[in-house]
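Inside the fold
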Amino acid sequence: MPSRLPTPDTGQVTAPGLPTPRRPQPEERTGPRVPVTVHTSEPLSREGAVSLLGRHREIELREDTGLEPGTVVLLIADTLDGPTLTLLRRVARSDGARAVLVVGTLREAELLDVVACGISAIVWRREATEKQLVQAVVAAARGDGNLPGDLLGRLINQVGALHRSAAGRDGVPTSGLTPREAEVLRLVADGLDTGEIASELAYSERTIKNIMHGLTTRFQLRNRAHAVAYALREGYI
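Now for a quick tour of the structure. (Residues numbered from 1 in each chain as written. Predicted model: local features only at pLDDT ≥ 70, side-chain atom pairs only at ≥ 80, totals over all residues. Heavy atoms only, no water.)

**A word on the packing of aromatic side chains**
All told, the structure shown has one aromatic pair when counted by the stated rule. A cation over a ring is seen here: Arg180 above Tyr203, with NZ or CZ 5.6 Å from the ring centre. (Phe/Tyr/Trp six-rings, centres within 6.5 Å; stacked < 30°, edge-to-face > 60°. Lys NZ or Arg CZ within 6 Å of the ring centre and 35° of its normal.)

See the structure below:
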């Protein structure tokens with residue numbers, strides 16, 4: 001009777017000359033990984049996010065190497081402060097990078113500003129579980145939206161109010177001023193020139209000039225002073 005020997009890798013017993021049973025291999029994920037960079041002023045929040053996201057093979061954590069196409073920027077902040085908003089605008093102007101905002105609170109006036117930056121994935125900090133973070137990152141990488149239900153309701157109400165307000169004014173296009181246009185005009189009203197506005201909003205001077213040209217042309221306004229007067233009269237600033 002042939003002797004039976006243990007296989008070296010599994011410990012299973014097999015007869016000489018018979019094929020060795022293969023150890024089941026772990027299932028491998030296929031497809032490209034999502035490059036993610038984490039931005040926050042809070043070291044503990046950064047370590048927590050990196051730890052949670054690092055468990056998932058579909059995510060590739062990277063240091064901040066620039067806003068490369070396909071990169072998802074995860075921003076964590078308690079409120080929408082200046083540096084966070086500046087980075088959101090940088091992502092909006094980049095070629096193919098996307099952002100996920102994890103935030104504690106958003107004021108009504110900030111909501112449209114965030115959406116105007118092209119952010120479609122937002123997670124409340126109080127709801128930022130591992131599952132929620134991964135879902136938001138993957139959704140952003142695909143270009144899909146991922147907004148909390150209560151935030152989506154607020155956004156719909158705000159957009160509806162803007163359209164109703166604009167539609168009720170004679171001679172005012174239903175689109176009204178965009179949040180970015182209103183923000184530029186607020187700074188013009190404060191006496192800032194093109195370069196100062198560009199620095200304040202983290203835009204290029206060309207972008208500011210294009211914004212002013214677009215709104216003055218659309219509303220048939222003669223100059224900056226006329227544009228500011230129009231925005232004040234219509235209640236945009």
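**Digging into the packing of helix α6 (residues 179-189) against helix α7 (residues 194-201)**
Look at α6 against α7: their axes get within 10 Å of each other, and the N-to-C directions meet at 130°. The angle between α6 and α7 falls in the class oblique. Between α6 and α7 lies a crossing whose hand is right-handed. Here Glu183, Val184, Leu187 and Val188 of α6 come into contact with α7, specifically with Ile197, Glu200 and Leu201. Its residues assigned to classes, the contact of α6 with α7 shows five nonpolar, no polar and two charged. (Axes fitted to C-alpha atoms, helices over the stretch in contact; angles between N-to-C directions. Helix = DSSP H or I, 4+ residues; strand = E, 2+ residues; numbered from the N terminus. Parallel < 35°, antiparallel > 145°, perpendicular 65-115°, else oblique. Left-handed = near helix turned anticlockwise from the far one by under 90°. Contact = heavy atoms within 4.5 Å. Nonpolar A, V, L, I, M, F, W, Y, C, P; charged D, E, K, R; others polar.)

**Focus on the nonpolar core**
Counting 22 residues, the largest nonpolar core has Leu88, Leu101, Leu106, Ile119 and Ile122 as the members making the most contacts within it. Elements with a contribution of two residues or more to this core: β5 (72-77), α2 (82-93), β6 (98-103), α3 (108-116), β7 (121-124) and α5 (149-167). A per-element tally of this core places α2 first, with four residues. Listed in part, the 20 residues of the second largest apolar core include Leu177, Leu201, Met212 and Tyr236. (Core = buried A, V, L, I, M, F, W, Y, C linked by side-chain atoms within 4.5 Å. Buried < 20%, exposed > 50% of the residue type's maximum accessible area, 1.4 Å probe, protein only.)

**Some thoughts on the sheet that holds β7**
If you walk across this open sheet you meet the five strands as β4-β3-β5-β6-β7, and the pairing is parallel. Edge positions in the sheet fall to β4 (59-61) and β7, since each has one partner strand and no second. Pairwise comparison of adjacent strand axes, ignoring direction, gives a mean angle of 25° for this sheet. Alignment of β5 against β6, held across six bridges, turns out to be parallel. Considered in β6, the bridge of Leu74 is made with Val100. Relative to the sheet, helix α4 (residues 130-142) contacts β3 (34-39), β4, β5, β6 and β7, its axis offset from that of β6 by approximately 155°. (Pairing = 2+ DSSP bridges.)

**A closer look at the environment of Ala189**
Looking at the secondary structure, you find Ala189 in helix α6. In the structure, Ala189 is positioned 39 residues away from Val228 in sequence and 6.2 Å away in space, judged by C-alpha atoms.

**Here's the deal with the packing of α6 against helix α8 (residues 205-218)**
Relative placement of two packed helices is described by the angle separating their axes and the distance separating the axes. Their axes nearest at 10 Å, the elements α6 and α8 cross at an angle of 105°. Classified by the interaxial angle, the pair formed by α6 and α8 is roughly perpendicular. Together, Arg180, Glu181, Val184, Leu185 and Val188 of α6 and Thr207, Ile208, Ile211, Met212, Leu215 and Arg218 of α8 make up the contact between the two elements. Residue classes in the contact of α6 with α8 are distributed as seven nonpolar, one polar and three charged.

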